Amino acid sequence: MLKFCVILVFSIFAVTGKAYAQVSGSITLASDYSYRGISLSNEQPVAQLNLVYDAPDGWYAGAFGSKVKINSSSSDGEQILLYSGFSQRLRSGMIWEAGATAALFPKSTDLNYGEVFTGLMFDNLSARIYYSPNYIGLNSKTLYLEANADYQLQERLDVFSHIGWLVYPDGKVGQVNRNRVDVRVGVGSNFSSWKLQLAYGITRPQHSYNTGKYQNNSRNSLVFSASYLF
């Protein structure tokens, strides 16, 4: 599955390159790397880079990189997230999309995993569902359902929200593999090429992942980030 996702991502990179894709990206400093309700940086500040290729015919591809800290005793590592997909506007005005992601941990390759996804977007609302046959070292199939919304209060001020639900459809639910809900609400502000965000996240149930491969906290958190957009 991971190999399939990597091949698909790089194939779409090639397609978008031939389609005269538009390039954009961001450099971010964040107080924590909170990912689906858990901290992948052991609640430490991180630097992140995101690059996106958008082709005029609906194809897109991107790469995201972040510092990670698997547990309190480990040295810093990296996560590289490759993603690609295709989106199309429907007659109703909704936008349909489908694609794949490949998450790579160069210093902890046993955590590598792939996902496929599909979703819908309409105005400032979006929803996606992801499937992975072996999620981030947990040796279990997962479904992740998410819904996102944002609303512009003023020209330079907006509010946003997110809710996600991680589900284990193969029934491997225990102390580690427990269905989990994460909720995040926040505010953001744009200044020229800069974007500032402050978000509060709530995770239920709260527990620490301890798989023998990594230990990360799952708890409520307040995260501040500053991004330079280009």
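Read on for an overview of the structure. Being a predicted model, the structure only gives us computed values, none of them experimental. (Residues numbered from 1 in each chain as written. Predicted model: local features only at pLDDT ≥ 70, side-chain atom pairs only at ≥ 80, totals over all residues. Heavy atoms only, no water.)

1. Considering the overall build of the protein chain
Per the secondary structure count, the protein chain includes 1 helix and 16 strands. Looking at the 230 residues of the protein chain, the share that counts as buried comes to 41%. A separation threshold of at least 6 residues defines the contact pool for the protein chain, and within that pool the share at least 24 residues apart is 50%. Per element, the accessible surface of the protein chain, about 12100 Å² overall, is 60% carbon and sulfur. (Helix = DSSP H or I, 4+ residues; strand = E, 2+ residues; numbered from the N terminus. Buried < 20%, exposed > 50% of the residue type's maximum accessible area, 1.4 Å probe, protein only. Contact = heavy atoms within 4.5 Å. Areas by Shrake-Rupley, 256 points an atom, 1.4 Å probe, with all protein chains shown as cover.)

2. Here's the deal with the sheet that holds strand S8 (residues 113-122)
Spatially, S1-S4-S5-S6-S7-S8-S9-S10-S11-S12-S13-S16 is the arrangement adopted by the 12 strands of the closed barrel, whose pairing is antiparallel. Along the sheet, successive strands turn relative to each other by an average axial angle of 20°, direction set aside. (Pairing = 2+ DSSP bridges. Axes fitted to C-alpha atoms, helices over the stretch in contact; angles between N-to-C directions.)

3. As for unusual backbone geometry
We note that Glu43 has phi near 60°; this positive angle belongs to a residue other than glycine. Following the sequence through the fold, Glu43 ends up in the loop between strand S3 (38-39) and strand S4 (46-54). Its relative accessible area of 26% is what places Glu43 among the partly exposed residues. Positive phi, close to 35°, is recorded for Ile136, a residue that is not glycine. Inspection of the secondary structure puts Ile136 in the loop between strand S9 (125-132) and strand S10 (142-154).

4. Here we look at the pattern of salt bridges
Summed over all chains, the structure comprises 5 salt bridges. Among the salt bridges present, the one from Glu97 reaches Arg128, with a minimum N-O distance of 2.7 Å. With Glu97 in strand S7 (residues 95-104) and Arg128 in strand S9, the pair connects residues that are 31 residues apart, well separated along the chain. Residue class for Glu97 comes out buried when judged on its relative accessible area of 4%. (Salt bridge = Lys/Arg side-chain N within 4 Å of Asp/Glu carboxyl O.)

5. Notes on the environment of Asp150
With respect to the secondary-structure elements, Asp150 resides in strand S10. Among residues more than four places away in sequence, those in contact with Asp150 are Asn124, Val159 and Phe160.

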